[in-house]
Amino acid sequence: MNQISQHLTQIRQRIAAACRRAGRQPEQVTILAATKTRSVREVRAAVEAGISHVGENYVQELLTKKEHLDQAGHTDVAWHVIGHLQRNKVKYVASFCHLIQSVDSIRIAREISKRARQADRTQPVLIEVNISGEDTKFGIRPEEVAQLAAQVVQLDNIQLQGLMTMPPYSDDPEDSRPHFQKLAALSQQLTDGGLPPATMRHLSMGMSGDYEVAVEEGAAIVRLGTVLFGRRED
Ligand SMILES: *Cc1c(COP(=O)(O)O)cnc(C)c1O
């Protein structure tokens, strides 16, 4: 499991290099471990190697992993939902989640606000944008984001903090660059259109194959599975 520490060291070096190229500071980039299909042991090893943000695609897996990590004394992990969230699952996460990154409808946003209110808190969220327009992806179309953002900021117990995207898979990280640039431009447009800059402060973009490009284009959160844990054995 020592491997994860080595991977993390390399990732941090690469992020630092990308930051230097872009005139950014490494502290502006959060490394999130994307843990779908990874075992509790692997997640714990990542946390013990220095990871403090963990993102899960599936609510049940998130709850199981959180319970194990809590029991192991890692109660300070920031948990993120990064997969499509069903309305009937919101109640399990809106009481503690650090950031729900996959809001793609006003319906889901209303449910999050309602459940966060019941837990007496405000839930930070990102809007997931289908930036490339691929049919198969979750997220809303870029031209719908302004309207959804305007509705979301009206809700009491939800706090919009930015945008998330997942470009189409490609072997060439440069293929992702225009998508990341589009997400950054969209975020800027929303700010210019009147949303407070604090609302749009996080861009969650970049995965194992393209996170250095994402950092160059302004990513605040990179979501890493394969480069951190190694190839999945499935
Ligand atoms: C799986 C996944 C990741 C990480 O993917 P890797 O290519 O393994 O780094 C990031 N974000 C989301 C939403 C994912 O589902």
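Quick note: structure is the one above.
Residues numbered from 1 in each chain as written. Predicted model: local features only at pLDDT ≥ 70, side-chain atom pairs only at ≥ 80, totals over all residues. Heavy atoms only, no water.

(A) Region of the structure containing the overall build of the chain. The helix and strand tally for the chain stands at nine helices and eight strands. The C-alpha radius of gyration computed for the chain amounts to 17 Å, which stays within 12% of the reference 17 Å derived for 234 residues, consistent with globular compactness. Viewed in the frame of its principal axes, the chain has a C-alpha envelope of about 45 × 40 × 30 Å. At a minimum sequence separation of 6, the contacts of the chain that also span at least 24 residues come to 64%. Working note: accessible area of the chain is about 11400 Å², and carbon and sulfur atoms make up 45% of it. In the chain, the 28 positive side-chain charges and the 28 negative ones have mean positions that sit 4 Å from each other. (Helix = DSSP H or I, 4+ residues; strand = E, 2+ residues; numbered from the N terminus. Rg over C-alpha atoms; globule rule 2.2 N^0.38 Å. Contact = heavy atoms within 4.5 Å. Areas by Shrake-Rupley, 256 points an atom, 1.4 Å probe, with all protein chains shown as cover. Lys, Arg positive; Asp, Glu negative; His and termini not counted. Charge placed at Lys NZ, Arg CZ, Asp CG, Glu CD.)

(B) Structural view of the site of the ligand. Close to the ligand lie Ala34, Lys36, Asn57, Ile82, Met166, Met207, Ser208, Arg223, Leu224, Gly225 and Thr226, which account for all nearby residues. Between an oxygen atom of the ligand and a main-chain N or O atom of Gly225, the distance comes to 2.8 Å. Note that an oxygen atom of the ligand is positioned 2.6 Å from one of the side-chain N or O atoms of Thr226. Taken by itself the ligand offers 390 Å² of open surface, and the protein chains cover 89% of this. Looking at the shell around the ligand residue by residue, the class counts come to five nonpolar, four polar and two charged. (Near = heavy atom within 4 Å. Polar contact = N/O pair within 3.5 Å; in protein donor to acceptor, adjacent residues only side chain to side chain. Nonpolar A, V, L, I, M, F, W, Y, C, P; charged D, E, K, R; others polar.)

(C) Expanded view of the packing of aromatic side chains. Scanning all chains against the criterion turns up zero aromatic pairs. In this arrangement the basic side chain of Lys66 is found over the ring face of Phe96, its NZ or CZ atom lying 4.9 Å from the centre. (Phe/Tyr/Trp six-rings, centres within 6.5 Å; stacked < 30°, edge-to-face > 60°. Lys NZ or Arg CZ within 6 Å of the ring centre and 35° of its normal.)

(D) Layout of the packing of helix α2 (residues 40-48) against helix α3 (residues 59-71). Contact geometry for α2 and α3: axes closest at 10 Å, N-to-C directions at 55 degrees. Relative to α3, α2 is oriented oblique. Pair α2 / α3 crosses with right-handed handedness. Between α2 and α3, the residues in contact are Val40, Val43, Arg44 and Val47 and Lys65, His68 and Leu69, respectively. Residues belonging to the contact of α2 with α3 are distributed by class as follows: four nonpolar, one polar and two charged. (Axes fitted to C-alpha atoms, helices over the stretch in contact; angles between N-to-C directions. Parallel < 35°, antiparallel > 145°, perpendicular 65-115°, else oblique. Left-handed = near helix turned anticlockwise from the far one by under 90°.)

(E) Molecular detail of helix α7 (residues 177-192). Taking 1.5 Å per residue, 16 residues should reach 22 Å; α7 reaches 22 Å between its end C-alpha atoms and fits that length. All of the buried residues in α7 are Arg177, His179, Phe180, Leu183, Leu186, Ser187 and Leu190. Contact partners of the buried residues in α7: β5 (123-129), α6 (142-152), β6 (158-165), β7 (202-204) and α8 (211-216). Looking at the residues trailing α7, positive phi occurs at Gly194, about 120 degrees. (Expected span 1.5 Å × (residues − 1). Buried < 20%, exposed > 50% of the residue type's maximum accessible area, 1.4 Å probe, protein only.)

(F) Inspection of unusual backbone geometry at higher detail. With a phi angle near 65 degrees, Thr37 is a residue other than glycine that sits in the positive phi range. Relative to the helices and strands, Thr37 is located in the loop between β1 (30-34) and α2. Phi is positive for Asp120, close to 60 degrees, though the residue is something other than glycine. By the element assignment, Asp120 lies in the loop between α5 (106-118) and β5. On the basis of relative accessible area, Asp120 is assigned to the exposed category, the value being 72%.

(G) Examining the environment of Leu99 more closely. Relative to the elements of secondary structure, Leu99 occurs in strand β4 (residues 99-103). For Leu99, a relative accessible area of 2% corresponds to the buried category. As a C-alpha pair, Leu99 and Gln123 span 24 residues in sequence and 7.0 Å in three-dimensional space. For Leu99, the residues in contact, after removing those within four places along its chain, are Trp79, His80, Val81, Gln123, Pro124, Val125, Leu126, Gln161 and Ile221.

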